[in-house]
Number of protein chains: 6
Amino acid sequence: MSDTFFRPVSGMELPRFAGIPTFMRLPHVPLDHPRADEVQIGLVGLPWDGSVSNRPGARHGPRALRDASTMIRAQNGATGVRPFELARCADLGDVGPNPVDGPDTLQRFENFFAGLKARNIRPLSGGGDHLCTLPVLRGIARDTPLGLLHFDSHTDLYPAYFGGKTLTHGNPFRNGVEEGLLDPKRMIQIGIRGTTYDNVDTDFAKANGIRIVRIEEFHARGVADVMAEAREIVGTQPAYLSYDIDFVDPSIAPGTGTPEWGGPSAFQAIEVLRGARGLRIVGADLVEVSPPFDPSGNTAWLGASLMFEILCLMAEAL
Amino acid sequence: MSDTFFRPVSGMELPRFAGIPTFMRLPHVPLDHPRADEVQIGLVGLPWDGSVSNRPGARHGPRALRDASTMIRAQNGATGVRPFELARCADLGDVGPNPVDGPDTLQRFENFFAGLKARNIRPLSGGGDHLCTLPVLRGIARDTPLGLLHFDSHTDLYPAYFGGKTLTHGNPFRNGVEEGLLDPKRMIQIGIRGTTYDNVDTDFAKANGIRIVRIEEFHARGVADVMAEAREIVGTQPAYLSYDIDFVDPSIAPGTGTPEWGGPSAFQAIEVLRGARGLRIVGADLVEVSPPFDPSGNTAWLGASLMFEILCLMAEAL
Amino acid sequence: MSDTFFRPVSGMELPRFAGIPTFMRLPHVPLDHPRADEVQIGLVGLPWDGSVSNRPGARHGPRALRDASTMIRAQNGATGVRPFELARCADLGDVGPNPVDGPDTLQRFENFFAGLKARNIRPLSGGGDHLCTLPVLRGIARDTPLGLLHFDSHTDLYPAYFGGKTLTHGNPFRNGVEEGLLDPKRMIQIGIRGTTYDNVDTDFAKANGIRIVRIEEFHARGVADVMAEAREIVGTQPAYLSYDIDFVDPSIAPGTGTPEWGGPSAFQAIEVLRGARGLRIVGADLVEVSPPFDPSGNTAWLGASLMFEILCLMAEAL
Amino acid sequence: MSDTFFRPVSGMELPRFAGIPTFMRLPHVPLDHPRADEVQIGLVGLPWDGSVSNRPGARHGPRALRDASTMIRAQNGATGVRPFELARCADLGDVGPNPVDGPDTLQRFENFFAGLKARNIRPLSGGGDHLCTLPVLRGIARDTPLGLLHFDSHTDLYPAYFGGKTLTHGNPFRNGVEEGLLDPKRMIQIGIRGTTYDNVDTDFAKANGIRIVRIEEFHARGVADVMAEAREIVGTQPAYLSYDIDFVDPSIAPGTGTPEWGGPSAFQAIEVLRGARGLRIVGADLVEVSPPFDPSGNTAWLGASLMFEILCLMAEAL
Amino acid sequence: MSDTFFRPVSGMELPRFAGIPTFMRLPHVPLDHPRADEVQIGLVGLPWDGSVSNRPGARHGPRALRDASTMIRAQNGATGVRPFELARCADLGDVGPNPVDGPDTLQRFENFFAGLKARNIRPLSGGGDHLCTLPVLRGIARDTPLGLLHFDSHTDLYPAYFGGKTLTHGNPFRNGVEEGLLDPKRMIQIGIRGTTYDNVDTDFAKANGIRIVRIEEFHARGVADVMAEAREIVGTQPAYLSYDIDFVDPSIAPGTGTPEWGGPSAFQAIEVLRGARGLRIVGADLVEVSPPFDPSGNTAWLGASLMFEILCLMAEAL
Amino acid sequence: MSDTFFRPVSGMELPRFAGIPTFMRLPHVPLDHPRADEVQIGLVGLPWDGSVSNRPGARHGPRALRDASTMIRAQNGATGVRPFELARCADLGDVGPNPVDGPDTLQRFENFFAGLKARNIRPLSGGGDHLCTLPVLRGIARDTPLGLLHFDSHTDLYPAYFGGKTLTHGNPFRNGVEEGLLDPKRMIQIGIRGTTYDNVDTDFAKANGIRIVRIEEFHARGVADVMAEAREIVGTQPAYLSYDIDFVDPSIAPGTGTPEWGGPSAFQAIEVLRGARGLRIVGADLVEVSPPFDPSGNTAWLGASLMFEILCLMAEAL
């Protein structure tokens, strides 16, 4: 059990709109902090959007997520889980990108997450664009490929883009599979929709045994049924959870770079995570929140709420 | 039946974007108006947000609700009810708060509603934060406790907050019960969700027999089933209806102080009110609309539309 | 099959945020262009809002729709249809209105669409307010009345307004029927809701055999069932499809002049169009997108996505 | 001197954010009110934008002006003038336009202002687009042409537009001169700037003796010098003051239909009015506030503040 | 000279959009931090708006100021001052208010600032509404009254309001004088403007020898001349600097509760502070930034820039 | 003189809000168009923001500039210049960037501008971030270095950043000098301000003879005096004009990545360009407009207005 150092500041002591905003009002514990090694789940910001093909702005995501997250309290109202009592959690700060050099940024990120793995800290990241997931996986899954529970409107399984440049936010998972960081047989992608250029991504999925649940199937079957299948596919070995905010319908989460219509409701967006209880989530991220396209702040507040649900999963899976 | 004095201005005479905005384009009838005693249902603004624990702005709610409400026409499209023919309705104006003194404000509000009761005018208020409900109840329910049909994402059954200050927007209903203004056995709270600090509110509910329908149950059972139970619990004796706009999902109603994800759709938000037909609603409010957080104006327009549905209920219950 | 001239610019060549925005990145082919006669489906902007009774702004709709539409790719993700391979499509530009003269504008529009019919180009228009539909029908349906598949929250079957002025965005379909441009027996209007002044519109529908599916019925029966009936009513003869963006719930599409709560979700808003496969749609429009009331840009992006779905229908129906 | 009936509600009694918003919190006195004949200066809303050539929205201006104007207090801080003690002022409400019929609207407006003249009420109108000025002048200046003090970035002296349609917001003053409502020798237009198509407007000015002060001259000479000339030109006979909000720089007043860069600062925008003290202003308007393009509300708040300065002028000129 | 612990994070190491936002990227040093006693200038957030008479939201000011302040670099471009080398600066965090109890909040604030004085830390606060200044003064000026350099559009010298409630954001300086915390002979208030109810504030100023420079005088004389007088009045004894963001024109700083038109330009808003070099500023604040009314974020970014200028003054005055 | 092909569409024929938006409603003439070789001044979009160190979004600049530019008419109101009669102007479209590869993008841009030079088309670009200027200069100034008239709040003379990455939007002009594309003796930078890390940029300027006019000097001397010096420094040989929108005060142009307070007014922002008449401007750009941070659209509209003024300069200099 967590001691009080790792507890969030309560809104009963300091109002929720007050204070320097860390993730969920947790203590800020950079890796050179004396208690860093005690952290079990580290919340991390990845402020980088250098790989997006459409609208930028996700570099501002971590700060907006932190700001919104101070409205989170201590207990999951639906499940009763109290994650800050189950796990020692902390805000590890942001990993600094090089805003004008993608490869340098990816290396900086990978180094950071390899460091977390060495300390046995499980990461929950707030993006940042979806390519940020790749250096996380490189940092924590070099030895054993992970399963993947992936919520998104895009498969992100595309090949090289724009004249051979391999790495974009359209292909982290193709690279993850090709680099042996992910086990394609234990991968499921839920919510896929929108127009496409061709079928090169779904062909890759078929060839590798990756399960894709398109949004039409999702709406037809419902959350419970889809998530039962997801739990079966991902299994009980260590798995990664990647949640692109554009999984959710743009009416709910407009602040993202590549929105696609027809996604789940906010309730469903939360329920899928509760449907993942029992999985062994050893790392996770919530990506593609782009505050400049989020005039009401809804996207950041939903993102922060989803991070709390993911944190509950990770705390239960310790 | 109402005479033409109490009829709204029609958009066929004066376009809906024109004119000084009263609630639903009704005549402005302050209590010193010669025809005030004829009013059966009085629409009232309560521009106060001094008890909020998070984001302010609900003091601007009544004006935004009035502005949006001029898009309301004469007849409920779904039920055919024509409330302005069933009841003499009027906009009574705002009750003036003391913006820097909570207790003084509560007393001013209570006095006003006691005056309405003395004149036999049933109130439909537009808030203002949720503590505004308490002085309404004090004004109209001192003699006999009322049933309560309550839509919200929070129970508002919390005890003292922040070092003993009893009255906040987190506890009007606890106080209402403790002061004998509400009959807990005839209370139902629908839509509860979000993170919590602890279970002190639900413990109070259990101890007093208050029925709470969490949002998970709501989504699982559907509107018709939940509202059938609600009608049974509230019964046919006089009841109050309190509708916190944060009952509705924040994708629909972002302009509020403490939004929680996973609420009903707009259609469901309306349908629950139609499911309350037959109840004897003698007073009601729609609270927590905060225009500064509502860039599209959607929250105010939904709030005004819900007030019309509530008005139909009240007109039928005369 | 289309040759490459009529293909949209790919985002793999020019990023989607780049370039002068035509509808779906199609070539701009004004009617004096040498290849204009080859066009099979012409996308047209109708920048006019002179007939609105409430909030203006739809004159800015076509530009916002074009801007958003550059996020559209080549293939319908759900159905696999590749419309730009099935049909030679082009952006014909805007038809110039006279912003201070309604009758002149209607005549300019009618002339344009009569010209399209003479060239055998099927129109898909982006409005503009809903009265824009009338001159389209006058241009293409003078000889044989069309069936109508109509998505809206209003019937637009109202009679003269405001002292005898016949033409407003509240009555294009009444006029369409009375002028013999539409076959009322093959008309269905889906999604009707909101408050009304009276029943003059539904009385007209009943008297003429127009089928109205109110939103309550829509939600009760679901998309598949309603659309099966719609296909039966509209039949296999040539039909027009008119889609008012206010069919969709305002939480999804706030940027419109007369929003009404309780509409379909974004997924349903798309699914109804997929449910229209097999109909012989010879002309269509998407109207009432008002960018000044659309701070997040969601309404325009949904409008563009719906236009793509309609285009798929029209390409299949060639 | 005014009695208390005609005094605004004080913010010391009812907070300024509270209450149904009339212009400057004055009593609402429609013309059928028993005390209407006592009114000396009538504030009127003209919610119409049917003549604009670019962006619409000014129909929503009167309501936004009223809403903002509740922040106005009793005394001009700079001059010490207390207009509500000098004159019996009231909010006469809006004059209803016909939103789909320009000529009908102009007639309705003219009738209203002719009625004011008959009652000896001097009008201060809040627009609405600039064509609204013409029916005001027709209503009050049929017998004797007025001088004109005109602040604007456009001369509004253009001839027929778009195929012969005479009346638009680009030509009220040309028509005013041609109809004998304005004395061109006593006209001055200040602030003119922006690109033009040709010189037809300035040619008309020269031919008729209208003085135009371009913005370059304004900035070079300063407020005091320009206004000294203005007072001389307009003279001491009855004059009209017309203030187009686009006179002010768009950084200050973005919410308008045809903004042009390089206008005066807010301080200068106010000072020009103080420089008009001593003129015999018998009617005035503040036009072209378009709330949909005013995300911060600044334009409406400036417009209301300017209306107060104009009201001070009119009260002193009684 | 400061050691590196007290230096801001450089944007050359961590991009300016990254990282948990403290004031100017300084270390967060709460008072129980081991190095707290070394701090010379403490930046403090005062997230409270419970005393405002009009629009709320300043409780969100400190967070928005911190967020914007990460765009500040190390050196004053105009003066060359490098404050973080002159003084050991730190972000002390927010002082927690009681959001539903004004007197309790004022006591909490006073205690905090008394603690700072005891440690010899000079405070630079970011508000919060203007009443926040009073508990700062109570905390640091109980023994010797301070001079005051005050920029504002209001004098805040009003007496009791709304039935005898003494403390509001309209009267901190009247109370400061009456409580002996300020020396009225060494007080100057610059920028005063806007409508008023009466002259009770200026009468108080005259009676006590407080110098008021109205905005008309300010614009007429210019920054250099006014500030020369200000330096003379305030003198070389310890003084407080209070900067209400509504001193600046609303076109520049719309995000505030009670904006008044006609204020200085942004350049002047900065220059007045450079004109205060040489004064012995021992405490300061920047108040009334209300983010919900600041859609562009300009107000917060200006506020942060002004805080940097003030910090330079304080660092030079050590 | 231009023939009608190269004339903008008039708002008297097609309303200004209508039509596919090209720059200033000019014909779209891609380089493979049959009349491309006749173009004298080519307006070009550079939709790229991959080198920014702070807020992104300038990739969306060209589209927003085009959209706003349709409000431009034919004649400069102040100078009477009619650029479209002096020069054959056209919109050449956007140069496609590679959004995930900076070096590739720079090469694509350079190639394009080298092609323009080969055709003798003078470029007026709309950015994009400020690094876009460098490939323009590489394309057109490889043979003879150009003079530079540069408006900005930053010198953009910084050396390598973030571990040796040479090219960012902070150093195009340092590189331009070092690559021999610019003649430092004929360079003037006007408007410099804001905080800095150190003096490395101004040291470079001094060492190379580049004239810097800080904003304090600009405000003290005024436009006419500063521009007289600028004309002298830049001289009569071919020169480039680069206008960073952040030269202008953020109250006017908030939509940019790195705003700094205290800049010129909108009038001054225009006047400096009129003060450049007589210079031999052979290429120019307007950069750093970032629409996601421009809620009112003011920044784009000002940018388009400035581009028109620059176009007038270039047309006169042919």
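Cut-offs and rules
Residues numbered from 1 in each chain as written. Chains lettered and ligands numbered in written order. Predicted model: local features only at pLDDT ≥ 70, side-chain atom pairs only at ≥ 80, totals over all residues. Helix = DSSP H or I, 4+ residues; strand = E, 2+ residues; numbered from the N terminus. Rg over C-alpha atoms; globule rule 2.2 N^0.38 Å. Buried ≥ 20, exposed ≤ 12 C-beta atoms within 10 Å, placed from the backbone. Contact = placed C-beta atoms within 7 Å. Pairing = 2+ DSSP bridges. Axes fitted to C-alpha atoms, helices over the stretch in contact; angles between N-to-C directions. Right-handed = clockwise from strand over helix to strand, strands pointing away. Parallel < 35°, antiparallel > 145°, perpendicular 65-115°, else oblique. Nonpolar A, V, L, I, M, F, W, Y, C, P; charged D, E, K, R; others polar. Least-squares fit on C-alpha atoms with pLDDT ≥ 70 in both. Expected span 1.5 Å × (residues − 1).

## Quick notes on the overall build of chain A
Part 1 of the argument: Along the backbone of chain A there are 10 helices and eight strands.
Part 2 of the argument: Taking 20 Å as the expected radius of gyration for a compact globule of 318 residues, we find that chain A reaches 18 Å, a close match to that expectation.
Part 3 of the argument: Along the longest, intermediate and shortest principal axes, the C-alpha atoms of chain A span 55 × 40 × 40 Å.
Part 4 of the argument: The burial tally for chain A puts 69% of its 318 residues in the buried class.
Part 5 of the argument: Pairs at least 24 residues apart make up 79% of the contacts formed inside chain A by residues separated by at least 6 positions.

## Things to note about the interface of chain D and chain E
Part 1 of the argument: With 26 residues of chain D at the contact, the number on the chain E side is 21 residues.
Part 2 of the argument: Broken down by secondary-structure element, the contributors of at least two residues to the side of chain D that touches chain E are helix H9 (266–274) and helix H10 (298–316) of chain D.
Part 3 of the argument: In terms of residues, the side of chain D that touches chain E owes the most to one element, H10(D), which gives five residues.

## Examining the sheet that holds strand E5 (residues 182–192) of chain C
All names here are of chain C.
Part 1 of the argument: Spatially, eight strands are ordered E2-E1-E3-E8-E7-E4-E5-E6 in an open sheet, and the strand pairing comes out parallel. Looking at strand neighbours, the two that pair on one side only are strand E2 (89–94) and strand E6 (211–214), the edges of this open sheet. With direction set aside, neighbouring strand axes in the sheet form an average angle of 15°.
Part 2 of the argument: Strand direction decides the pairing type here: strand E1 (residues 41–46) and strand E3 (residues 122–127), joined by six bridges, are parallel. Residue pairing in the sheet places Ile41 in a bridge with Arg122 of E3.
Part 3 of the argument: In the packing of helix H8 (residues 223–234) onto the sheet, contacts are made with strand E4 (146–151), E5, E6 and strand E7 (238–244), and the angle to E5 comes to roughly 165°.

## Focus: the pairing of strand E7 (residues 238–244) of chain D
Residue and element names in this part refer to chain D.
Part 1 of the argument: Buried residues dominate E7, accounting for seven of its seven residues.
Part 2 of the argument: Pairing geometry for strand E4 (residues 146–151) and E7, over five bridges, is parallel. Residue pairing in the sheet places Phe151 in a bridge with Tyr243 of E7.
Part 3 of the argument: The pairing of E7 with strand E8 (residues 280–287) spans seven bridges and is parallel. Directly across from Asp244, in E8, lies its bridge partner Val287.
Part 4 of the argument: In this view, the connection linking E7 to its parallel neighbour E8 by way of H9 has right-handed handedness.

## Concerning the packing of helix H1 (residues 61–69) of chain F against helix H10 (residues 298–316) of chain F
Residues and elements named next belong to chain F.
Part 1 of the argument: For the pair H1 and H10, interaxial distance at closest approach is 8 Å and the crossing angle is 75°. As far as their axial angle goes, H10 and H1 are roughly perpendicular. Contacts from Ala64, Leu65, Asp67, Ala68 and Ser69 in H1 reach Ala300, Trp301, Gly303, Ala304 and Met307 in H10.
Part 2 of the argument: Split into classes, the residues belonging to the contact of H1 with H10 amount to seven nonpolar, two polar and one charged.

## Concerning the interface of chain C and chain A
Part 1 of the argument: The interface is formed by 26 residues belonging to chain C together with 22 residues belonging to chain A.
Part 2 of the argument: Within the residue set of the side of chain C that touches chain A, elements represented by two or more residues are helix H9 (266–274) and helix H10 (298–316) of chain C.
Part 3 of the argument: Looking at which element gives the most residues to the side of chain C that touches chain A, the answer is H10(C), with five residues.
Part 4 of the argument: A class-by-class count of the residues in the side of chain C that touches chain A yields 15 nonpolar, nine polar and two charged.

## Thoughts on the pairing of strand E6 (residues 211–214) of chain E
All names here are of chain E.
Part 1 of the argument: As paired elements, strand E5 (residues 182–192) and E6 share four bridges and run parallel to each other. Counted as the bridge partner of Gln189 is Ile212 from E6.
Part 2 of the argument: This β-α-β element, E5 to helix H6 (residues 200–208) to E6, shows right-handed connectivity.

## Considerations on the relation of the copies chain D and chain E
Part 1 of the argument: In screw terms, the move from chain D to chain E is a rotation of 120° and a rise of 0.0 Å along the axis, fitting with an RMSD of 0.0 Å. The relationship between the two copies is best expressed as a three-fold rotation axis. When C-alpha positions in chain D are compared against the rotation axis, the closest is assigned to Ser251(D), at 3.7 Å.
Part 2 of the argument: A different interface surface on each copy is seen, since only 8% of the contact residues of chain D are contact residues in chain E too.

## Section: helix H10 (residues 298–316) of chain E
Part 1 of the argument: Compared with the 27 Å implied by 1.5 Å per residue over 19 residues, the 27 Å span of H10(E) between its first and last C-alpha is a close match.
Part 2 of the argument: H10(E) sits mainly inside the fold: 18 of its 19 residues count as buried.

## Observations concerning the environment of Gly45(C)
All names here are of chain C.
Part 1 of the argument: With respect to the helices and strands, Gly45 occurs in strand E1.
Part 2 of the argument: Taking the C-beta count within 10 Å as the criterion, Gly45 has 27 such neighbours and is therefore assigned buried.
Part 3 of the argument: In this structure the C-alpha to C-alpha distance between Gly45 and Phe23, which are 22 residues apart in sequence, comes to 9.0 Å.
Part 4 of the argument: The residues contacting Gly45, other than those within four sequence positions of it, are Pro62, Gly93, Asp94 and Gly126.

## Brief notes about the relation of the copies chain C and chain A
Part 1 of the argument: Note on the copies: chain C fits chain A at an RMSD of 0.0 Å, the axial shift is 0.0 Å, and the rotation between them is 120°.
Part 2 of the argument: A share of only 8% of the interface residues of chain C reappears at the interface of chain A, consistent with the copies meeting through non-equivalent patches.

## A closer look at the sheet that holds strand E1 (residues 41–46) of chain D
Residue and element names in this part refer to chain D.
Part 1 of the argument: Here we have eight strands laid out as an open sheet, ordered E2-E1-E3-E8-E7-E4-E5-E6, and parallel in their pairing. Strands with a single pairing partner mark the edges of an open sheet, and in this sheet they are strand E2 (89–94) and strand E6 (211–214). On average, each strand axis in the sheet is inclined to that of its neighbour by 15°, with strand direction left out of account.
Part 2 of the argument: On top of the sheet, helix H8 (residues 223–234) reaches E4, strand E5 (182–192), E6 and E7; it is set at about 165° to E5, its chief contact.

## Remarks on the environment of Gly235(F)
All names here are of chain F.
Part 1 of the argument: Within the fold, Gly235 resides in the loop between helix H8 (223–234) and strand E7 (238–244).
Part 2 of the argument: The spatial distance from the C-alpha of Gly235 to the C-alpha of Gly147 is 7.8 Å, given a sequence separation of 88 residues.
Part 3 of the argument: Among residues more than four places away in sequence, those in contact with Gly235 are Gly147 and Arg186.

## Looking at the environment of Gly57(F)
Part 1 of the argument: As for its placement among the helices and strands, Gly57(F) is situated in the loop between strand E1 (41–46) and H1.
Part 2 of the argument: The sequence separation of Gly57(F) and Phe293(F) amounts to 236 residues, and the corresponding C-alpha distance is 7.8 Å.
Part 3 of the argument: Beyond its immediate chain neighbours, meaning those up to four positions away, Gly57(F) contacts Pro56(A), Gly57(A), Pro292(A), Asp49(F), Gly257(F), Ser290(F), Pro291(F), Pro292(F) and Phe293(F).

## Things to note about unusual backbone geometry
Part 1 of the argument: Following Gly127(A), the chain continues to Gly128(A) via a peptide bond in cis, the omega torsion being 0°.
Part 2 of the argument: Among the secondary structure elements, Gly128(A) is positioned in the loop between strand E3 (122–127) and helix H4 (133–140).
Part 3 of the argument: A positive phi angle, close to 75°, is found at Glu288(F), a residue other than glycine.
Part 4 of the argument: Along the chain, Glu288(F) turns up in the loop between strand E8 (280–287) and H10.
Part 5 of the argument: With 32 C-beta atoms packed within 10 Å, Glu288(F) lands in the buried category.

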